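Inside the fold
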Amino acid sequence: MMARTFTGALRRRTLLASAPLLAAPAALRAQERFPSRPIEVVTHAGVGGGTDITARMMMVQAPAEFGQELVVVNRVGGSGAAALAYAASKPRDGHTLILVTQTHLLTIMRGRAQGIAYDDIVGVARATEDPQVLMVGKASPHKTAQAFLAAAKEQKLKFGTTQVGGVDHLAVFGFARQAGIQQPTIVPFRGGGDIAINLVSGNIDAALLNPSEPEAQIRAGDVIPLLTLHEERIATLPNVPTAKEVGFTSVHATVRGFAVLKGVPEDRLAILEEKLVKSMSSPLYRNYLDSTGQARSSVAGRTVWQAQLDAFNAEGREALAALGVAR
């Protein structure tokens, strides 16, 4: 009888002692090293596109920083809708990054990103800021920014853009309003290359383009950059003044940056920000920015990037409504 009592007491003590061990897996999971597996970087561009290249340039240094591999996932379609849908299907644990542009935000604004609202986008780090530059063809009578602006106040000029209601169109709208000129007539084209050709031929009066798009025409003197819409001059166009230098503020750029969907723990957001910024501070990445005409200040952390996303979301909604192309 005494032996059975001793045995039973021993069994109870053993069970009580092992209770913390039973709970240990959950505690260990909570303290799991992050990242614990490869990170997916989701882009809406095909392989070789500008956004895809940005992701891969960041990833040259990133494995050493994260201690994990990173993998590009290309989900093309719906102006970013397919990429957003794929990201939404993954756990919100920090192992899925989205490389977003203003195009993604416009898609959300128009209700074309099913089940995703703007508040679901959490900026982590900005990767590139590609300033837009006011450009004219070599036959243009307006050879300086001041001459162009004076003419645009008196007459309605024709601007080439890539898409009605797209990022370029909204930039033209904002630029015209900020410069105090007449809202231009918009002529849409398939891409920056087509716009450059039509600038040279004189079919349009002007365009806002990223410096790399008409690079060959600029070198040949067929396209003339007049004004940089950024806080600072561009390394590849050092002689082109900024809007501020000629008397008004107008900042427009094509931007790309890394984001996650809401729900990722704060400690993991901090790790993602730190490692991404470090990965994009390498000499190789800096050379990529300089050689493609990006702003030297392109790389930025969460505070700057989120503020820029918020500003574009607010300004974009207002511009789409004013232009009558909100949907």
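In this text, all values refer to a predicted model and were calculated from it rather than measured experimentally. (Residues numbered from 1 in each chain as written. Predicted model: local features only at pLDDT ≥ 70, side-chain atom pairs only at ≥ 80, totals over all residues. Heavy atoms only, no water.)

**Digging into the confidence of the model for the protein**
Detailed reading of the predicted model is not advised wherever pLDDT is low. A residue-level look at the protein finds 90% of positions with pLDDT of 70 or above and a mean pLDDT of 90. Note that residues 1-30 has pLDDT below 50 and, in this model, 0 contacts with residues that lie over four places away or in other chains. (pLDDT = per-residue confidence, 0-100. Contact = heavy atoms within 4.5 Å.)

**Thoughts on the layout of surface pockets**
Approximately 770 Å³ is the volume found for the largest pocket. In terms of lining, the largest pocket is formed by 28 residues, of which the most central are H44, T103, T162, V167 and T254. Of all the secondary-structure elements, those providing two or more residues to the lining of the largest pocket are helix 2 (50-58), helix 5 (102-109), helix 7 (167-179) and strand 9 (253-261). Considering every element that reaches the lining of the largest pocket, the biggest residue donor is helix 5, with 4 residues. Among the residues making up the lining of the largest pocket, the classes are represented as 3 nonpolar, 18 polar and 7 charged. Empty space within the second largest pocket amounts to approximately 610 Å³. Taken together, 32 residues form the lining of the second largest pocket, with V251, H252, A253, F312 and E315 sitting closest to its centre. If you list the elements that add at least two residues to the lining of the second largest pocket, you get helix 5, strand 4 (121-137), helix 7, strand 9 and helix 12 (302-323). In terms of residue class, the lining of the second largest pocket is made up of 15 nonpolar, 12 polar and 5 charged. (1 Å grid on protein atoms, 1.4 Å probe; cavity = no way out; pocket = protein on both sides within 12 Å on 5 of 7 lines; lining within 4 Å. Points joined across faces, edges and corners; volume = space filled by probe spheres on them. Helix = DSSP H or I, 4+ residues; strand = E, 2+ residues; numbered from the N terminus. Nonpolar A, V, L, I, M, F, W, Y, C, P; charged D, E, K, R; others polar.)

**Structural notes on the packing of aromatic side chains**
For the structure on display, the rule yields 4 aromatic pairs. Each ring, one from F159 and one from F175, has its centre 6.4 Å from the other, and the planes form 45°; the classification is tilted. Placement of the pair is F159 in strand 5 (residues 158-161) and F175 in helix 7, with a sequence separation of 16 residues. By the burial criterion, F159 is buried, and F175 matches it. Lying across the ring of Y86, R75 places its NZ or CZ 4.5 Å from the centre. (Phe/Tyr/Trp six-rings, centres within 6.5 Å; stacked < 30°, edge-to-face > 60°. Buried < 20%, exposed > 50% of the residue type's maximum accessible area, 1.4 Å probe, protein only. Lys NZ or Arg CZ within 6 Å of the ring centre and 35° of its normal.)

**Examining the pattern of salt bridges**
Pairing between side chains of opposite charge can happen when their charged atoms approach one another. Inspection of every chain in the model, using the stated rule, returns 12 salt bridges. The salt bridge partner of R233 is E245, with a shortest N-O separation of 2.6 Å. Placement of the pair is R233 in the loop between strand 8 (223-229) and strand 9 and E245 in the loop between strand 8 and strand 9, with a sequence separation of 12 residues. Where salt bridges share partners, they join E266, E273 and R302 into one cluster. (Salt bridge = Lys/Arg side-chain N within 4 Å of Asp/Glu carboxyl O.)

**Focus on unusual backbone geometry**
P35 follows F34 through a cis peptide bond whose omega is -5°. Relative to the helices and strands, P35 resides in the loop between helix 1 (2-30) and strand 1 (39-43).

**Concerning the environment of M59**
With respect to the secondary-structure elements, M59 resides in the loop between helix 2 and helix 3 (62-66). Owing to a relative accessible area of 15%, M59 belongs among the buried residues under this scheme. For M59 and L70, which are 11 residues apart along the polypeptide, the C-alpha to C-alpha distance reads 6.7 Å. With near-sequence residues (within four places) excluded, M59 lies in contact with V41, L70, V71 and V72.

**Overview of the packing of helix 5 against helix 12**
Following both chains from N to C, one finds helix 5 and helix 12 inclined at 50°, their axes separated by 10 Å at the closest point. Considered as vectors, helix 5 and helix 12 are oriented oblique to each other. Where helix 5 crosses over helix 12, the handedness of that crossing is right-handed. Contact with helix 5, carried on its side by Q102, L105, L106 and M109, involves L309, F312, N313, G316, R317 and L320 of helix 12 and no other residues of that element. Class assignment of the residues belonging to the contact of helix 5 with helix 12 gives a composition of 6 nonpolar, 3 polar and 1 charged. (Axes fitted to C-alpha atoms, helices over the stretch in contact; angles between N-to-C directions. Parallel < 35°, antiparallel > 145°, perpendicular 65-115°, else oblique. Left-handed = near helix turned anticlockwise from the far one by under 90°.)

**Here we look at the side chain of S250**
Structurally, S250 can be placed in the loop between strand 8 and strand 9. A distance of 2.5 Å separates polar atoms of two side chains, one belonging to S250 and the other to Q178. In this view, S250 contacts F175, Q178, L229, H230 and A243; residues no more than four positions away in its chain are not counted. (Polar contact = N/O pair within 3.5 Å; in protein donor to acceptor, adjacent residues only side chain to side chain.)

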